[in-house]
Amino acid sequence: MPDRPLNRICYVEDDEDIQRIVRMSLERIGKMTVGVVTDPMVALGAITAFKPDLVMLDWMMPGMDGPTLFRKMKQLPEVSALPVVFITAKASQTELDELARLDAAGAISKPFSPKDLPDQLRAIWEKLP
């Protein structure tokens, strides 16, 4: 189990409705601080500046998809060790297995229950080495 609580999450998502749902769920229900990044092209700098405990990436975004952003994160020492959880409705099991081999912390499927999202993230967090 990680030696620190899950308090700060950076969420990269282009859909404003999903952003609001996730932010409400994690901040109000889960008592976590959420930094939202709407543009995956600027996400690396925002993630570095925000210093989150965990990063959530939407799978499909214009300009750069979540898996590509994840691979770019792995190349930067300042963010390469951050646990990443994907939010997805479209990923195949083969794609999820590939990301697990690259050390993605987990995935949460859309649609998800906003009241259950904090517990889903905590369950992933608790399984991290």
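Above this note sits the structure.
Thresholds, definitions, all that
- Residues numbered from 1 in each chain as written.
- Predicted model: local features only at pLDDT ≥ 70, side-chain atom pairs only at ≥ 80, totals over all residues.
- Heavy atoms only, no water.
- Helix = DSSP H or I, 4+ residues; strand = E, 2+ residues; numbered from the N terminus.
- Rg over C-alpha atoms; globule rule 2.2 N^0.38 Å.
- Buried < 20%, exposed > 50% of the residue type's maximum accessible area, 1.4 Å probe, protein only.
- Contact = heavy atoms within 4.5 Å.
- Lys, Arg positive; Asp, Glu negative; His and termini not counted.
- Charge placed at Lys NZ, Arg CZ, Asp CG, Glu CD.
- Pairing = 2+ DSSP bridges.
- Axes fitted to C-alpha atoms, helices over the stretch in contact; angles between N-to-C directions.

Break down the overall build of the chain for me, citing the residues and quoting the values.
The secondary structure content of the chain amounts to five helices and five strands. Secondary structure elements of the chain, listed N to C terminal, follow the sequence β-α-β-α-β-α-β-α-β-α. Taken over the C-alpha trace, the chain has a radius of gyration of 13 Å; the compact-globule value for 129 residues is 14 Å, and the two agree within 12%. Over its C-alpha atoms, taken along the principal directions, the chain stretches across nearly 35 × 30 × 30 Å. Per-residue burial over the chain gives 42% buried out of 129 residues. Long-range pairs, those at least 24 residues apart, make up 66% of the contacts in the chain with a sequence separation of at least 6. Computing the positive centroid from 16 side-chain charges and the negative centroid from 19, the chain places the two 4 Å apart.

Describe the sheet that holds strand β5 (residues 106-109), naming the residues involved and giving the relevant values.
Strand pairs in the sheet, formed through backbone hydrogen bonds, run parallel or antiparallel to each other. A sheet is described by the order of its strands in space; here five strands give the open sequence β2-β1-β3-β4-β5, paired in parallel fashion. Single-partner strands in this sheet number two, and they are β2 (33-37) and β5. Here the strands of the sheet are splayed against their neighbours by 20 degrees on average, with no regard to which way each runs. Where strand β3 (residues 54-58) and strand β4 (residues 84-88) come together, four bridges link them in parallel fashion.

Give me the environment of Ala100: which residues, what numbers.
Secondary-structure assignment places Ala100 in helix α4 (residues 93-101). Each C-alpha atom of the pair Ala100 and Glu16 lies 27 Å from the other, and the pair is 84 residues apart in sequence.

By themselves, these observations are geometric and do not establish any function.
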